[in-house]
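Chain by chain, the residues:
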Amino acid sequence: KTQTALVPNATIKRLNSIILASILLMLVGVTVAFNIKSNNIVGIKSFLNYQLTYFALYLFFVVSYIRGKFIFERSEPLIPLILFLLWGVFSLFITFFKYSALEVINRFYSYTVLSILIVQVFNEKRQIKWAINTFLLLIAASVIYVTFQDLGVDFIQWGMNVHIAFFGNPNFYSGYIT
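Because the structure is a prediction, the values reported are computed rather than measured. (Residues numbered from 1 in each chain as written. Predicted model: local features only at pLDDT ≥ 70, side-chain atom pairs only at ≥ 80, totals over all residues. Heavy atoms only, no water.)

J.: What exactly am I supposed to notice about the overall build of the chain here?
T.: A tally of helices and strands in the chain yields 7 helices and 0 strands. Split into buried and exposed, the 178 residues of the chain put 35% on the buried side. A separation threshold of at least 6 residues defines the contact pool for the chain, and within that pool the share at least 24 residues apart is 66%. (Helix = DSSP H or I, 4+ residues; strand = E, 2+ residues; numbered from the N terminus. Buried < 20%, exposed > 50% of the residue type's maximum accessible area, 1.4 Å probe, protein only. Contact = heavy atoms within 4.5 Å.)

Encoded structure:
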């Protein structure tokens, strides 16, 4: 018997729901995660991003194993991403700054995995609406927070007058808004 015959469809649906939830949690968690007592806000956001992305990838492989085949929806924009990732791995062998290169490759790899998972998992209109609405809600919350910061009311003591919402870095905020 195949693995699919041994495991009910409800289990596969539940695992897919957990994958979807971890991607949405990553969207929310990485956005609002900060710790003003830590000087490294990037570390907190990166940790959440990597852990939730790789957890979702692990569950995706579990679902593929249960089904007995690796189902992979083909997406043309992913081919250049994968080629660029392979180039990054190759460049690791010729660089003098191996730790920095590994860090950048890991970051790019997690974003590539996240892109692949989104293409694979978000296949229903309801799921896409959830993701878009979550993203828009977070943008609205950040705009409201920045408006408060512009008015001089900040709920977090950043140590300076900033207009970055809860991102901790103006580059993160501008990248998220665009």
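J.: Where do I start with the nonpolar core in this structure?
T.: Where a protein is soluble and globular, its nonpolar side chains tend to be buried together. Ranked by internal contacts, the top residues of the largest apolar core, which has 21 residues, are Ile19, Ile23, Leu117 and Phe122. At the level of elements, α2 (9-32), α3 (41-67) and α5 (98-121) are the ones that each hand at least two residues to this core. Ranked by residues supplied to this core, first place goes to α2 with 8 residues. Ignoring any residue separated from it by four or fewer positions in sequence, one finds Ile23 in contact with Ala56, Leu114, Leu117, Ile118 and Phe122. Judged by nonpolar contacts, the second largest core, of 11 residues, contains Val146, Phe166, Tyr173 and Tyr176. (Core = buried A, V, L, I, M, F, W, Y, C linked by side-chain atoms within 4.5 Å.)

J.: Honestly, α5 in this entry has me stumped. Any pointers?
T.: In an α-helix, one full turn covers 3.6 residues, which means residues spaced three or four apart are oriented alike. Counted at 1.5 Å a residue, the expected span for α5 with its 24 residues is 34 Å, and the 33 Å between its end C-alpha atoms agrees. When we look at burial in α5, the residues that qualify are Ala101, Ile105, Ser110, Thr112, Val113, Leu114, Ile116, Leu117, Gln120 and Val121. (Expected span 1.5 Å × (residues − 1).)

J.: Please explain the confidence of the model for the chain as it appears in this structure.
T.: When pLDDT is averaged across the chain, the result is 79; 83% of the residues are at 70 or more. Helix α1 (residues 3-6) is the least confidently modelled element of the chain, averaging 54 in pLDDT, while helix α6 (residues 125-150) averages 87, the highest of any element. (pLDDT = per-residue confidence, 0-100.)

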